[in-house]
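The residues making up each chain are set out below.
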Amino acid sequence: MFKKLFGLNSTKKQETILAPVTGRLVPIEEVPDPTFAEKMLGDGIAIVPSEGMVVSPVDGEVISIFPTKHAIGLKSKQGLEILIHIGLDTVNMQGEGFEAFVEVGDKVAAGTKLISFSIDLIQQKATNIITPVVITNSEILKELHHGDISEVISGKTEIMNMELK
């Protein structure tokens, strides 16, 4: 009882983020866009996709989908908010080449299909295919560890591990 009251026996709140796309892992600082590289939206990591499918990196809920379907926001069961932004300047594509499989409010499990996209079309019509994965409420993080694996598989490879406050 004493230990429980004073938090001496408390367990750490951990969260693991799986790769939402298959491809090559890149530090967020290397994204050729200052909004992401300078962590204006939060800390994270990026992936250069080799396949055109985004899956949920956590168990949680869809909290936003941009009308152009180039970005999606998720909230994990532990309250972590994650933005997955497919490519750079893809908003200008007006949804062309993107298909969403979920809606705002949907509960998802890690590995659930979220959005498909055309890598070829993005390479033709946008600035870059790189896909940032950002923790937008990083104030709830105590520690964040990025994966150092270069090639990742969607829904399987752990790309970020963190301890929550």
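Anything mentioned here points back to the structure above.
Report follows, based on the coordinates. The structure presented is a predicted model; accordingly, all values stated were derived computationally and were not measured.

Analysis parameters
- Position labels on residues start from 1 in each chain and follow its written sequence.
- With pLDDT at 70 or above as the cut-off, local features in this predicted model cover only qualifying residues; side-chain atom pairs require 80 or more to be listed or tallied, and sums for whole chains, interfaces and linings still use all residues.
- Based on all heavy atoms of the structure, the side-chain values leave hydrogens and waters out of the count.
- Should DSSP find at least two bridges between two strands, the strands are regarded as paired.
- Helix numbers and strand numbers start at the N terminus; a helix is a DSSP run of H or I with at least 4 residues, a strand a run of E with at least 2.
- In this description, a line fitted to the C-alpha atoms serves as the axis of each element, helices being fitted only across the stretch in contact, and the angle between N-to-C directions of two axes falls anywhere from 0 to 180 degrees.
- Nonpolar core, defined: a set of buried Ala, Val, Leu, Ile, Met, Phe, Trp, Tyr and Cys residues in which side-chain atoms within 4.5 Å join the residues together.
- Accessible area is worked out with a 1.4 Å probe on protein chains only. A residue is then buried under 20% of its type maximum, exposed over 50%, and partly exposed in between.
- Residues count as neighbours in contact if any of their non-hydrogen atoms are within 4.5 Å of one another.

1. As for the sheet that holds strand 1 (residues 13–18)
Taken in spatial order, the 3 strands make up an open sheet running 1-14-12, and their pairing is antiparallel. Of all strands in the sheet, those bounded by a partner on one side alone are strand 1 and strand 12 (141–146). For this sheet the average axis-to-axis angle between neighbouring strands, irrespective of direction, equals 20°. Pairing between strand 1 and strand 14 (residues 158–164): 6 bridges, direction antiparallel. Bridging from a neighbouring strand, Leu18 pairs with Glu158 of strand 14.

2. Here we look at the nonpolar core
Ranked by size, the top nonpolar core spans 36 residues in total, and within it Ile17, Leu114, Phe117, Ile159, Met160 and Met162 carry the most contacts. Of all the secondary-structure elements, those providing two or more residues to this core are strand 3 (44–49), strand 6 (71–76), strand 7 (81–85), strand 10 (113–117), helix 3 (119–125), strand 11 (131–135), strand 12 and strand 14. Looking at this core element by element, the count peaks at 4 residues for strand 14.

3. What about the side chain of Thr90?
Structurally, Thr90 can be placed in the loop between strand 7 and strand 8 (98–100). Residue class for Thr90 comes out buried when judged on its relative accessible area of 0%. When neighbours within four sequence positions are excluded, Thr90 is seen to be in contact with His70, His85, Phe98, Ile122 and Ala126.

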